[in-house]
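# Coordinate analysis (summary)
Listed below, chain by chain, are the residues.
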Amino acid sequence: MDRFQAMETYIRVIEAGSFRMAAETMHVLPSTVTRTIKELEAHLGIRLLNRTTRALSVTDAGLRYYDSCKVILRDVQAAEGATAQQTGMLRGRIRVSSTPSLAKGFIIPALRRFAERYPGIDLDFDLSDATLDVIQRGIDCAIRTGALPPSRLIARQIGSFQWYVCGSPDYFERHGTPCDLDALRLHRAVGYVNSQTGRPMAWSFLEGGETKRIDMIEHVRVNDTDAYVCACTAGLGLIRVASYMVHALLAEGRLVRVLGSIETPREPISIVYPQSRHLSPAIRAFIDWCMDRIGKEAQHW
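Below is a summary of the structure that appears in this document. (Residues numbered from 1 in each chain as written. Predicted model: local features only at pLDDT ≥ 70, side-chain atom pairs only at ≥ 80, totals over all residues. Heavy atoms only, no water.)

## Comments concerning the nonpolar core
The condition is simple: We define the nonpolar core as a collection of buried residues of types Ala, Val, Leu, Ile, Met, Phe, Trp, Tyr and Cys that are connected through side-chain atoms lying within 4.5 Å of one another. Residue exposure (1.4 Å probe, protein chains only): buried if accessible area is under 20% of the type maximum, exposed if over 50%, otherwise partly exposed. Secondary structure counts use DSSP, requiring at least four H or I residues in a row for a helix and at least two E residues in a row for a strand, with both numbered from the N terminus. Residues count as neighbours in contact if any of their non-hydrogen atoms are within 4.5 Å of one another.
Core analysis: the largest hydrophobic core is formed by 59 residues, its most contacted members being L184, W203, V241 and F286. Ranked by residue count, the leading element in this core is helix α11 (residues 281-298), at eight residues. Contacts of F286, omitting those with residues within four sequence positions, involve I94, V96, L111, F114, L123, F125 and C141. Counting residues in hydrophobic clusters, the runner-up holds 19 residues, among them V13, M21, Y66 and C69.

Following this line, the structure appears as structure tokens:
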């Protein structure tokens, strides 16, 4: 039994809350996780977990062992990181969560430079418009947009974006161009439904120092950002969209921005990661790279 691997598996089970979820974060079969925990308990001669068909709980001894494992693995990680920094060769596998639009638009196209600079770092991307639980899913860092709720995660703002109202040239030829918010109410829109809450996204604007909400006419609704933008380019209606998602389409003339003189609330872009006494050099290198990459791009959003 690899003791360090067993400790890592045990930590994943505790933080994920189940053998199945831990297996998913480690990309192994649940039976592998179950076998590892059984071997670890046999080696230690104690019960770490109480298992039933519906729940998983940690024993007192298991909780103390969990705390010790965290300290040991952090020290090992720090020692390996210090050696890697001295040799100039960072190594590790990093799990990254991001929205598909940010990843496909800015991060992945630039990854070749990161890979050339850090050939020993492997990246696993978990792309979703939904907000994933960083700790439960075993994610090392996540790039989030919008205001962040209170959490145990460390957050660093790396930029911000605006909301644009856009439509296709074909749509404006058929329906005209709105010149103010009163005119905007009469136009068709593509609705975006939050996949977590099931609620449609509100259209908010700042006018005269006051926030105004516009209820749009929606005949088509989607719960995916790519489909949202695609519906707009197809002429199905206007969209209120994050500026970083449409900068290329605007430059190509496939979409047109309107009401640019009306201010919209700016939203932050942040990178978040679990608190750790020893953040691995590999993760730190990726965070710094993202801050530089997205931070530079965000200046134009």
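## Some remarks on the sheet that holds strand β6 (residues 153-161)
Spelled out, the test is: Strand pairing is defined by DSSP finding a minimum of two bridges between the two strands. Fitting a line to C-alpha atoms yields each axis, with helices limited to the stretch in contact; the angle taken between N-to-C directions then spans 0 to 180 degrees.
Taken together, the five strands give an open sheet; going across it, the order is β4-β3-β5-β14-β6, and neighbouring strands pair in mixed fashion. Looking along the sheet, the strands with just one partner apiece sit at the ends: β4 (121-127) and β6. Strand-to-strand twist across the sheet, computed as the mean angle between neighbouring axes with direction ignored, equals 20°. Where strand β3 (residues 92-98) meets β4, seven bridges bridge the pair, whose relative direction is parallel. Bridge pairing in β4 links S98 to L127.

## So, the pairing of strand β5 (residues 141-145)
Among the five residues that make up β5, four are buried, leaving the element largely enclosed by the rest of the structure. Pairing of β3 with β5 involves two bridges; the strand directions are parallel. Bridge pairing in β5 places V96 opposite C141. Both β5 and strand β14 (residues 267-274) contribute to a ladder of four bridges, which runs antiparallel. Each residue of the ladder has a partner; that of T145, found in β14, is I269.

## So, the pattern of salt bridges
The line we're drawing: Think of a salt bridge as a Lys or Arg side-chain nitrogen and an Asp or Glu carboxyl oxygen that are within 4 Å of each other.
In total, this model carries 15 salt bridges according to the counting rule given. The partner of D122 in a salt bridge is R93, with the nearest N and O atoms 3.5 Å apart. Of the two residues, D122 is situated in strand β4 and R93 in strand β3; the sequence distance between them amounts to 29 residues. For R93, a relative accessible area of 51% corresponds to the exposed category. Connected through shared salt-bridge partners, R93, D122 and D124 make up one network.

## Concerning the packing of helix α5 (residues 100-107) against helix α10 (residues 243-252)
For any two helices packed against each other, one specifies the crossing angle of their axes together with the interaxial distance. We apply this condition: In these notes the angle categories are as follows: under 35 degrees is roughly parallel, over 145 is roughly antiparallel, 65 to 115 is roughly perpendicular, and the rest is oblique. By definition, any crossing whose near helix is turned counterclockwise from its far helix by less than a right angle is left-handed, and any crossing with a clockwise turn is right-handed. Three residue categories are used. Nonpolar comprises Ala, Val, Leu, Ile, Met, Phe, Trp, Tyr, Cys and Pro, charged comprises Asp, Glu, Lys and Arg, and polar comprises the others, including Gly.
For the pair α5 and α10, interaxial distance at closest approach is 9 Å and the crossing angle is 50°. Of the possible angle classes, the one that applies to α5 and α10 is oblique. Between α5 and α10 lies a crossing whose hand is left-handed. Residues S101, L102 and F106 of α5 touch α10, and the partners they reach there are Y244, M245 and H247. Residue composition of the contact of α5 with α10, by class: four nonpolar, two polar and no charged.

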